Amino acid sequence: MFTKDVYNASIPEMSDVGTFVVQVTATDADDPTYGNSAKVVYSILQGQPYFSVESETGIIKTALLNMDRENREQYQVVIQAKDMGGQMGGLSGTTTVNITLTDVNDNPPRFPQSTYQFRAPESTPPDSPVGRIKANDADVDENAEIEYSITEGDGYDMFGITTDKDTQEGIITVKKALDFENKNLYILKVEATNTHVDPRFLYLGPFKDSATVRIQVEDVDEPPVFGRPAYIMEVKEDVPINSVIGTITAQDPDAARNPVKYSVDRHTDMDRVFNINSGNGSIFTSKPLDRETLLWHNITVIAAEINNPKQSSRVPVFIKVLDVNDNAPEFAMFYETFVCENAKAEQLIQTLSAVDKDDSYGGHQFSFSLAPEAASSSNFTLQDNRDNTAGIFTRKTRYNRHEMSTYFLPVVISDNDYPIQSSTETVTIRVCACDHRGKMLSCNAEALIHPTGLSTGALIAILLCIIILLVTVVLFAALRRQRKKEPLIISKEDIRDNIVSYNDEGGGEEDTQAFDIGTLRNPEAIDDNKLRRDIVPETLFMPRRTATARDNTDVRDFINQRLKENDTDPTAPPYDSLATYAYEGNGSVAESLSSLESVTTDGDQDYDYLSDWGPRFKKLADMYGAMDSDKDS
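Residues numbered from 1 in each chain as written. Predicted model: local features only at pLDDT ≥ 70, side-chain atom pairs only at ≥ 80, totals over all residues. Heavy atoms only, no water.

1. Examining the sheet that holds strand β20 (residues 274–276)
(1) Moving on: Here we have three strands laid out as an open sheet, ordered β17-β21-β20, and antiparallel in their pairing. Here the strands that pair on one side only, and so sit at the sheet edges, are β17 (244–247) and β20. The sheet shows a mean angle of 25° between the axes of neighbouring strands, taken without regard to direction. (Pairing = 2+ DSSP bridges. Helix = DSSP H or I, 4+ residues; strand = E, 2+ residues; numbered from the N terminus. Axes fitted to C-alpha atoms, helices over the stretch in contact; angles between N-to-C directions.)

See below:
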């Protein structure tokens, strides 16, 4: 009996003869000391001529050279074990051995065809795939991994190739932009190489293969192409309108050479300062230019095919406005100065400076002089310092502000550019009273130095703030007074107090529905289950029935009983309230003093006994005695 019914084993393909595969073992239950009954001999029944087995050990070895996995991968070998030393009459048993040949890299990659052809539009963007090629390898797993490369060809720098690790395909991609008009055919040589080469099988040949790839570039309708990526132009600011400042050129790169028309993108020239000839691309001015307002104009020119306007392209145009001397110099600031009445002659009272909006590459040079009409009759002189500044000096010794409080001195400023520009500026000079050190004290006209007081607007704002504040205070006081006048009890049902006012007047003795006097006589008729009316109870408890007092119980005992009940009542709220005890006691000597009892009697009452009760009841005796006398009359 074999130790296993089925054995599984594997060896590399192309193994040498006698390579160990696996060892099988069989046992015999007979007594090994009894002759040859337990002596086992192994033999192969199936699997020749590929494998052999050693008769005594059961070791299986290869018996054929260069077994190729690509031709046959699985082998099934049947081994027999026979006792009695294999002699006649011995018993035998068999087992199956499944042998698998594992792969080695003994096959190079091979292209199924020697030439491949692809087409690519010239508009194909870089890094886009053009096509796929694949070399076949009979091996598996890592032995079949292939690396592709472009070894030579006129498109070596225009195309690239990468390997798809999942499919082992070579992907040809575009590296640079294609141009049909420049070159429409590229020929490449692509090589496929195994990445894992087994040196034992180099004798089988190089483990690589090559193929030729032809790529045809297809023409597409392309937009016009400008001669430059950007244009820079210069124009003087004094050029007349419709002057040409430069030309833009663009052409259709296609073989058809379709005509091109030009236009200005108005989003970049909102003021329409420039325009362009749609036929020849010349740019000209349509409005006057001013360098001092805008130095650079950045516009965009559009070139589109006439036959297919959708095919268009753009180019930036930078236009610099050059300066011309078209602005006269002027004072750097507004000058308003003063001269003291006690000023001395040839005394400097003001230094002047000028600026010019124009640009001067060599630097500005200004000259100052008095206007001709003021040169001879002026009370002041002007001295040009030759450094773009000038000084105003007094011509006489004293000035009288009562005779002349203000002088206006016209000054002419000129530049040295071409053409020469000049302007006349006026300096205001006020005559003021000064102390002995020359410090101004006062002037006839408006003071040169603004007073430290507040302006009229500021005073009005302050006054408005004061008025608003006063109105707020008055309103606040009125609200406080109104709150003080409010009554303590706003509503009769106010739960903050326990006193309830009833302003109803009864109907007198004839109103029998107002109150039943019998209730006072019959305590059992009193409803103890009534809830409080001054608050809304949160929880309704079941009322507790209490025993009523007997008819002959004294009022004091009744009140004490009710007090005890209220003190021990768990449903009673923990605050003060008004409790009404509607019970009148029995056994009074004077009986009832209330006139309400007359409701229950039919006859007239005799009140003469009130006179016998003493002085304390004299008032009642007089009142009821008078009533009796009225009735008698």
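2. A closer look at the state of the cysteines
(1) Moving on: Taken as a whole and assessed by the stated rule, the structure comprises two disulfides.
(2) Moving on: Between Cys 340 and Cys 434 runs a disulfide, and the two sulfur atoms are separated by 2.1 Å. Since a negative S-S torsion denotes a left-handed disulfide, the Cys 340-Cys 434 link at about -85° is left-handed. Remark: Cys 434 occurs in strand β31 (residues 422–434) and Cys 340 occurs in strand β25 (residues 336–340); sequence separation between them is 94 residues. You'll find Cys 340 and Cys 434 in the same group, each marked buried.
(3) Moving on: Through a disulfide, Cys 432 is tied to Cys 443; the S-S separation comes to 1.7 Å. Where Cys 432 bonds to Cys 443 through sulfur, the torsion about that S-S bond is close to 95°, and the disulfide is right-handed. Pair noted here: Cys 432 is in strand β31 and Cys 443 is in strand β32 (residues 440–443), with a separation of 11 residues, a long-range link.
(4) Moving on: The exposure class of Cys 432 is buried, given its relative accessible area of 0%.
(5) Moving on: Listing the disulfide partners of the chain by sequence rank of the bonded cysteines yields 1-3, 2-4. (Disulfide = S-S within 2.5 Å. Buried < 20%, exposed > 50% of the residue type's maximum accessible area, 1.4 Å probe, protein only.)

3. A closer look at the sheet that holds strand β5 (residues 59–62)
(1) Moving on: One open sheet accounts for three strands, arranged β2-β5-β4; its pairing is antiparallel. Each having just a single partner strand, β2 (20–23) and β4 (51–53) make up the two edges of the open sheet. Averaged over neighbouring strand pairs, the angle between their axes works out to 25° when direction is ignored.
(2) Moving on: With three bridges joining them, β2 and β5 adopt antiparallel strand pairing. Residue pairing in the sheet places Phe 20 in a bridge with Lys 61 of β5.

4. Digging into the side chain of Asp 139
(1) Moving on: With respect to the helices, strands and loops of the structure, Asp 139 is situated in the loop between β9 (129–133) and β10 (146–153).
(2) Moving on: Despite its burial, Asp 139 remains without a salt bridge, the nearest opposite charge being carried by Arg 69 at 4.8 Å.
(3) Moving on: Within the structure, Asp 139 has its side chain in polar contact with the backbone nitrogen of Asp 106 (distance 3.4 Å). (Lys, Arg positive; Asp, Glu negative; His and termini not counted. Salt bridge = Lys/Arg side-chain N within 4 Å of Asp/Glu carboxyl O. Polar contact = N/O pair within 3.5 Å; in protein donor to acceptor, adjacent residues only side chain to side chain.)

5. Quick notes on the packing of aromatic side chains
(1) Moving on: Evaluated as defined, the whole model comprises 11 aromatic pairs.
(2) Moving on: Centre to centre, the rings of Phe 331 and Tyr 335 are 5.0 Å apart; their planes meet at 85°, and the pair counts as edge-to-face. As far as the burial class goes, Phe 331 and Tyr 335 line up, both buried.
(3) Moving on: Taking the centre distance of 5.4 Å and the plane angle of 80° together, the rings of Phe 380 and Tyr 407 count as edge-to-face. On the criterion of sequence distance, the pair formed by Phe 380 in strand β28 (residues 380–384) and Tyr 407 in strand β30 (residues 406–414) is long-range, its members being 27 residues apart.
(4) Moving on: Relative accessible area serves as the criterion here: at 13%, Tyr 407 is assigned to the buried category. (Phe/Tyr/Trp six-rings, centres within 6.5 Å; stacked < 30°, edge-to-face > 60°.)

6. Comments concerning unusual backbone geometry
(1) Moving on: Each neighbour pair has its own omega, and for Gln 48 with Pro 49 the value is 5°, a cis peptide bond.
(2) Moving on: Within the secondary structure layout, Pro 49 lies in the loop between β3 (41–46) and β4.
(3) Moving on: Residues Tyr 418 and Pro 419 are joined by a peptide bond in cis, for which omega reads -10°.
(4) Moving on: Tracing the backbone through its elements, the reader meets Pro 419 in the loop between β30 and β31.
(5) Moving on: Phi is positive for Gln 168, which is not a glycine, with a value near 60°.

7. Observations regarding the confidence of the model for the chain
(1) Moving on: For the chain, per-residue confidence averages 82 on the pLDDT scale, and 80% of positions sit at 70 or higher.
(2) Moving on: Between the elements of the chain, mean pLDDT differs from a low of 49, seen in helix α3 (residues 518–521), to a high of 96, seen in β20.
(3) Moving on: Throughout residues 445–453 the model reports pLDDT below 50, and contacts reaching past four residues in sequence, or to other chains, amount to eight contacts.
(4) Moving on: Segment residues 538–547: pLDDT under 50, and 11 contacts once partners within four positions in sequence are set aside and those in other chains are kept. (pLDDT = per-residue confidence, 0-100. Contact = heavy atoms within 4.5 Å.)

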